[in-house]
Amino acid sequence: MGKVIFNSDDFGYSYGVNYGIMDAYQRGILTSTTLMANMPGFEHAVKLKKDLPNLGVGVHLTLTCGKPLLKNVESLMDGDKFKNLSFYTQPFKVDGDQLYQEWNEQIQKVYRAGIFPTHLDSHHHTHTFGMNQEIIIALAKKYDLPVRGNFEKKNEVRHVDYFEPHFDDVGEAVIEKRQIDCSVEEYLERLLSILRAHKTIEVMCHTAYLDQALLNGSSFVYPRANQVEFLIHSEFAQLVKEDFSIELITYKDI
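Residues numbered from 1 in each chain as written. Predicted model: local features only at pLDDT ≥ 70, side-chain atom pairs only at ≥ 80, totals over all residues. Heavy atoms only, no water.

A. Spatial organisation of the pattern of salt bridges. One pass over the structure, following the stated rule, counts 12 salt bridges. Among the salt bridges present, the one from Lys67 reaches Asp80, with a minimum N-O distance of 3.3 Å. Note that Lys67 is positioned in the loop between strand 3 (56-61) and strand 4 (77-78) and Asp80 in the loop between strand 4 and strand 5 (81-82), a separation of 13 residues in sequence. Lys153 is the partner of Glu134 in a salt bridge, and the nearest nitrogen-oxygen pair spans 2.2 Å. In this pair, Glu134 sits in helix 4 (residues 132-143) while Lys153 sits in the loop between helix 4 and strand 7 (162-164), placing the two residues 19 residues apart along the sequence. (Salt bridge = Lys/Arg side-chain N within 4 Å of Asp/Glu carboxyl O. Helix = DSSP H or I, 4+ residues; strand = E, 2+ residues; numbered from the N terminus.)

Below, the structure is given as structure tokens:
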């Protein structure tokens, strides 16, 4: 039997993102999300979570969006904000202690809000780049938490057996922007086979309703709203619900 986590990133980004995640969880097959401690929608997300005790909530460690929680982390900043993603997609160097302290504070803020995180991952997958891997490994060991297993050193921490990174394409109407090398129908057929065959699986997605914060702040917008509908109303979602060889879980269950 496949134990499957459908995890939506970016909880706490904005009201629209938060409500999209809530609907995909309450009405669809979403089981889990990861929370951005430094974004304007954080308190709203915490309030929503309090009414949903079984929703898995991890920490979406942030390094390329918004502002840091700590002062004196200059190596992570460009002006008063975090550096852009492009800084980390080439050889880079930041102060490792500053990065550890900032990410640790983001985790601590989630705990202080009354949420016990189920796992760790990161916005734009920055935990997978260079020396950042060592930082997330240290934090995962400190808090005894699993980590999204999409990086070279994943075997040093707990992680699922299989990570699926391309589910966002079910919401992408522009074929040229898709990451998959086949039709969506073929992709979903393959994915169902994977969900049945592997022991533990995370399917990463991004669900949201559109609001001004998302429209102004993100280049990935409309596919998010499509994914909300897909996780609730699609034939695929219904098959996942009815398949006795698929169990929907959170990271708390691995």
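The structure having been displayed, the exposition proceeds.
B. Spotlight on the side chain of Thr34. Among the secondary structure elements, Thr34 is positioned in strand 2 (residues 32-35). A polar atom in the side chain of Thr34 sits 3.2 Å from the side chain of Asp121. For Thr34, the residues in contact, after removing those within four places along its chain, are Asn7, Ser8, Asp9, Asp10, Phe11, Gly58, Val59, His60, His119 and Asp121. (Polar contact = N/O pair within 3.5 Å; in protein donor to acceptor, adjacent residues only side chain to side chain. Contact = heavy atoms within 4.5 Å.)

C. Structural view of unusual backbone geometry. Even without a glycine there, the phi angle at Asn72 is positive, about 60°. Inspection of the secondary structure assignment puts Asn72 in the loop between strand 3 and strand 4.

Any link to function would need more than the numbers given here.
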